Amino acid sequence: MKIVRTVSELREAIAAARGAGASIALIPTMGALHEGHLSLVRAARAEHGYVVMSIFVNPTQFTEAADLAAYPRQEDRDAELAESAGVDLVFAPEAAELYPAGFATTVHVGGAITETLEGAGRGPAHFDGVATVVSKLLIAAAPDAAYFGQKDAQQVVVVRRMVADLGLPVRIVACPISRDDDGLARSSRNTRLSAEQRSKALAIPRALAEVSEAVRSGVTDATALIERGVAVLAQSGVTAEYLALVDPDTLEAVPRVTGATLCAIAARVGEVRLIDNVLLGAGPEQR
Ligand code: PAF
């Protein structure tokens, strides 16, 4: 496995792989790799001859300086994990490679899909940062497909919109949420939870399971479903920043669950902000 730091080295390596007949997959990450990222690598590996992973802690998408400072950075370990999972090339640029002096462009995806949920909680700058860096990575690597985790469901919606609007010739693949055995969605932030906080955090998947179960048993009223989820969180002393039932494409709140509906939660446990979601009305395997 090769590690490159510049866009020109990235392009050169990808051109050679293409020249040898391989199709290209890109997995954009911020490092601190865990099993969730490795599941993206396996999905990409199954469909493409050459798998590229970017590792870049993108400063422009952090709206809290403390969160950026605390974000785990472990490049050597990440490189080992990436290689063992089957990555061919890691692109790990310095910030100045993607944001050189004088950088003045922002890719802004407008409307409800960036204003609601994470956009409301973290501010509009978050998705501007995501859209800008992802578009730069897609332009630099020009992959056939790019792989993202469904845990960041809103990010997937925003990236799909941006790719469609800019006419970027790439397929966006969303892979199922990867969970630890106890049900907690895998996240690089989980390493910052104490044992006690981790057991509190389990209220999040429990709340999603409660809402899913209620929908399966015939409850459709969004207010009633949200109350049930909030009550499960409250039993563990967790207060949701949001627990929302939204259309999975427009992210607009739905009054009733009558078809595929995204139930999304964000909650802080101690200093750690966690997100998780479940697609309702789409079969148990989607959990
Ligand atoms: O999901 C992430 O890790 C980041 O938001 C991404 C897509 C790598 C952009 O920095």
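For the structure given in this document, a descriptive report is provided here. (Residues numbered from 1 in each chain as written. Predicted model: local features only at pLDDT ≥ 70, side-chain atom pairs only at ≥ 80, totals over all residues. Heavy atoms only, no water.)

The next thing to look at is the environment of leucine 89. Locating leucine 89 in the fold gives a position in strand β4 (residues 89–91). Sequence spacing of leucine 89 and lysine 2 is 87 residues, and the spatial spacing of their C-alpha atoms is 4.9 Å. Those residues within four positions of leucine 89 in sequence are excluded, and the remaining contacts are Met1, Lys2, Val4, Leu10, Ala13, Ile14, Tyr50, Val51, Val52 and Met53. (Helix = DSSP H or I, 4+ residues; strand = E, 2+ residues; numbered from the N terminus. Contact = heavy atoms within 4.5 Å.)

Let's shift gears to the sheet that holds strand β9 (residues 272–280). Here we have three strands laid out as an open sheet, ordered β7-β8-β9, and antiparallel in their pairing. Each of the sheet's edge strands pairs with one partner strand only, and the pair in question is β7 (240–246) and β9. When strand polarity is set aside, the average angle formed by the axes of neighbouring strands in this sheet is 10°. Where β7 lies against strand β8 (residues 261–269), six bridges are found, and the strand directions are antiparallel. Across the sheet, alanine 240 pairs through a bridge with alanine 267, a residue of β8. Packed on one face of the sheet, helix α12 (residues 222–235) meets β7 and β8 and runs near 150° to β7. (Pairing = 2+ DSSP bridges. Axes fitted to C-alpha atoms, helices over the stretch in contact; angles between N-to-C directions.)

A word on the side chain of arginine 186. The residue arginine 186 is located in the loop between β6 (171–175) and α10 (195–201) in this model. Here the side chain of arginine 186 touches arginine 179 through a polar contact of 3.1 Å, landing on its backbone oxygen. Within the structure, arginine 186 has its side chain in polar contact with the side chain of aspartate 180 (distance 2.9 Å). Non-local contacts of arginine 186, meaning those with residues more than four positions away in its chain, are made with His34, Glu35, Gly36, Lys151, Ser178, Arg179 and Asp180. (Polar contact = N/O pair within 3.5 Å; in protein donor to acceptor, adjacent residues only side chain to side chain.)

Surveying the vicinity of the ligand reveals the residues Pro28, Thr29, Met30, Asn58, Gln61, Val133, Val134, Phe148 and Gln155. Between the ligand and glutamine 61, the relevant distance is 2.6 Å, taken from an oxygen atom to a side-chain nitrogen or oxygen of the residue. Protein burial of the ligand: of its 290 Å² of free accessible surface, 88% is covered by the chains. Looking at side-chain class alone, the shell around the ligand contains five nonpolar, four polar and no charged residues. (Near = heavy atom within 4 Å. Areas by Shrake-Rupley, 256 points an atom, 1.4 Å probe, with all protein chains shown as cover. Nonpolar A, V, L, I, M, F, W, Y, C, P; charged D, E, K, R; others polar.)

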